[in-house]
Amino acid sequence: MNRILITGGAGFLGSHLCEFLLEKEADVICVDNFFSGSKDNIRHLFSQPYFELIRHDIIHPLFVEVDKIFHLACPASPIHYQYNAIKTIKTSVMGTINMLGLAKRTKARILLASSSEIYGDAKIHPQLESYWGNVNPIGLRSCYDEGKRVAETLMMDYHRQNKVDVRIVRIFNTYGPRMAINDGRVVSNFIVQALRNEPLAIYGDGNQTRSFCYVSDLIQGLIAIMESNDFIGPMNLGNPAECTILDLAKKIIALTKSSSKIIHKPLPLDDPVRRRPDISLAKEKIGWMPETELEKGLLKTIDYFKRMVKP
Ligand code: NAD
Ligand code: UDP
């Protein structure tokens, strides 16, 4: 039986991954410090005999015996990762070194959940893996962006120097059930605001774009590259359907049948203008492409938040 470690397993993506792997009869060890994740996300897994939860902060070394590591631990929303920027960098740098050390000792394959943020405010569109990015190294987002860039560097150096079996994926905006209500990312913010009939706050004029991937599609992609024996990445994973933030707001108001209005607030510094993944590599190397249309994924996410949000 495969012993699989998931760092950040109590978070949004990690909890879906724990669930998926348990269904495939893996032996799952979930490690989390509950900074942005929650026991509520994994409570339904506690009764499963092959699920183990360890409360642990990955900036400290971890000693377990495993075959595979999905390394997801890192706060992902700007509110969370800017709350303690230095801790975010420590998580990306020291945490990734610790997980790579563990992978080296146990000869486990390790996958890093990197991010489209490593492209920064991209000067090419859509973003291809060969693009090196346009990141402000000293701005408010750099604790996350540069943290992920160093994490990628560490992955490649451990691979070249110590023959660690690595996989790197660059995840583009992903949404779905179990995003935290206070997460601060756009999909959960807009849905919560619409369900409460409060104004939807668009930062800036709303013409900036993002490409939204539904969580179950993303999980399929993570599994496919982890299982692939001939490509280590970096590989973009995301949905190439691009949408302006204004259109997203209108869509969510319509789908929730909300009476909310749209208001505008100042655009945060260094907010990327356009973002869309080129996923040719994922199609070619692992035969992956997302299947869930935005409207369908939003409806499932709205259903989840209806149970979480008090009007
Ligand atoms: P999330 O905040 O819900 O999950 C992150 C998890 O990591 C949380 O459970 C948190 O408590 C845990 N964590 C944070 N620091 C830790 C530490 N020092 N030690 C142990 N656990 C720690 O975010 P998510 O959306 O599930 O993102 C998961 C991963 O995917 C992150 O690495 C993120 O950067 C990456 N990613 C996500 C997206 C997205 O759109 N969801 C996009 C790009 C990249
Ligand atoms: N955004 C917004 N209202 C919100 C939250 C975010 O208009 O309540 C905007 C944000 O400025 C950005 C886009 O939506 O242009 C996506 O933001 P998010 O934080 O979800 O992800 P990221 O910027 O990291 O892609």
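Criteria and thresholds
Residues numbered from 1 in each chain as written. Chains lettered and ligands numbered in written order. Predicted model: local features only at pLDDT ≥ 70, side-chain atom pairs only at ≥ 80, totals over all residues. Heavy atoms only, no water. Core = buried A, V, L, I, M, F, W, Y, C linked by side-chain atoms within 4.5 Å. Buried < 20%, exposed > 50% of the residue type's maximum accessible area, 1.4 Å probe, protein only. Contact = heavy atoms within 4.5 Å. Pairing = 2+ DSSP bridges. Helix = DSSP H or I, 4+ residues; strand = E, 2+ residues; numbered from the N terminus. Axes fitted to C-alpha atoms, helices over the stretch in contact; angles between N-to-C directions. Near = heavy atom within 4 Å. Polar contact = N/O pair within 3.5 Å; in protein donor to acceptor, adjacent residues only side chain to side chain. Areas by Shrake-Rupley, 256 points an atom, 1.4 Å probe, with all protein chains shown as cover. Nonpolar A, V, L, I, M, F, W, Y, C, P; charged D, E, K, R; others polar. Right-handed = clockwise from strand over helix to strand, strands pointing away. Salt bridge = Lys/Arg side-chain N within 4 Å of Asp/Glu carboxyl O.

J.: Report on the nonpolar core, specifying residues and quantitative values.
T.: Judged by nonpolar contacts, the single largest core of 64 residues is most densely connected at L17, L21, F70, L222, L237, L248 and L298. Here L17 is in contact with I6, F70, L72, I219, L222 and I223, once residues within four sequence places are set aside. Within the second largest apolar cluster, 23 residues are counted, among which are I29, A73, A151 and V166.

J.: Describe the sheet that holds strand β3 (residues 51-55), listing the residues and the values that go with them.
T.: Spatial strand order, β3-β2-β1-β4-β5-β6-β11: 7 strands in an open sheet with parallel pairing. Of all the strands in the sheet, the pair left with one neighbour each is β3 and β11 (235-237). Pairwise comparison of adjacent strand axes, ignoring direction, gives a mean angle of 20 degrees for this sheet. Pairing between strand β2 (residues 27-32) and β3: 5 bridges, direction parallel. Note that in β3 the partner of V28 across the bridge is F51. Packing of helix α1 (residues 12-23) onto the sheet brings it into contact with β1 (3-7), β2, β3, β4 (68-71) and β6 (166-171), and relative to β1 it is tilted by some 165 degrees. Lying on the sheet, helix α4 (residues 142-162) is in contact with β5 (109-115) and β6; it crosses β5 at an angle near 155 degrees.

J.: An account of the site of ligand 1 is requested, with residue identities and associated values reported.
T.: Around ligand 1 there are 29 residues in total, and D32, S36, L72, Y144 and T174 lie nearest to it. Within the backbone of F12, an N or O atom sits 2.9 Å from an oxygen atom of ligand 1. One of the backbone nitrogen or oxygen atoms of L13 is found 2.8 Å away from an oxygen atom of ligand 1. Relative to its unbound accessible surface of 820 Å², ligand 1 loses 97% to contact with the protein. Taken together, the elements giving at least two residues each to the shell around ligand 1 come down to α1, β5 and α4. Counting residues per element, the shell around ligand 1 draws most heavily on β5, at 3 residues.

J.: Before we move on, could you go through the site of ligand 2 and cite the residues and values that matter?
T.: Taken together, 18 residues lie around ligand 2, and V186, Y203, R210, D271 and R275 are the ones closest in. Here an oxygen atom of ligand 2 and a side-chain polar atom of N173 are 2.9 Å apart. Within the backbone of A201, an N or O atom sits 2.9 Å from a nitrogen atom of ligand 2. Computed on the free molecule, ligand 2 has an accessible area of 520 Å², of which 95% lies beneath the protein chains in the complex. Those elements that provide at least two residues to the shell around ligand 2 are α5 (186-195) and β8 (200-203). Taken together, the residues that form the shell around ligand 2 break down as 8 nonpolar, 4 polar and 6 charged.

J.: Now, about the environment of F212: what can you tell me, with residues and values included?
T.: Mapped onto the elements, F212 comes out in the loop between β9 (209-211) and β10 (213-214). Spatially, the C-alpha atom of F212 lies 5.7 Å from that of N239, the residues being 27 residues apart in sequence. Beyond its immediate stretch of four places on either side in the chain, F212 contacts N173, Y175, V186, V187, N239, A241, I245, L248 and L294.

J.: Explain the pairing of β5 to me, using residue names and the numbers behind them.
T.: Counting buried residues along β5, 7 of its 7 residues qualify, which places the element largely inside the surrounding structure. The alternating pattern of β5 places R109, L111, A113 and S115 and I110, L112 and S114 on opposite faces, both of which are buried. The sheet contact formed by β4 and β5 spans 4 bridges and is parallel. Within β5, the position partnered with I69 by the bridge is I110. When β5 meets β6, the two strands line up parallel, connected through 6 bridges. In the sheet register, S115 faces β6, and the bridge partner there is I171. With α4 bridging β5 and its parallel neighbour β6, the resulting β-α-β unit is right-handed.

J.: Which residues make up the pattern of salt bridges, and what values do they have?
T.: Evaluation of the coordinates by the stated rule reveals 20 salt bridges. R160 is the partner of D157 in a salt bridge, and the nearest nitrogen-oxygen pair spans 2.9 Å. Here D157 pairs with R160, and both are found in helix α4, just 3 residues apart, close to one helical turn. For D157, a relative accessible area of 31% translates into the label partly exposed. Across the pair D183 and R185 runs a salt bridge, and its minimum N-O distance is 2.7 Å. Looking at D183, the relative accessible area reads 4%, which means it is buried. Within this structure, E117, R141, R210, D271 and R275 form a network of salt bridges that share partners.

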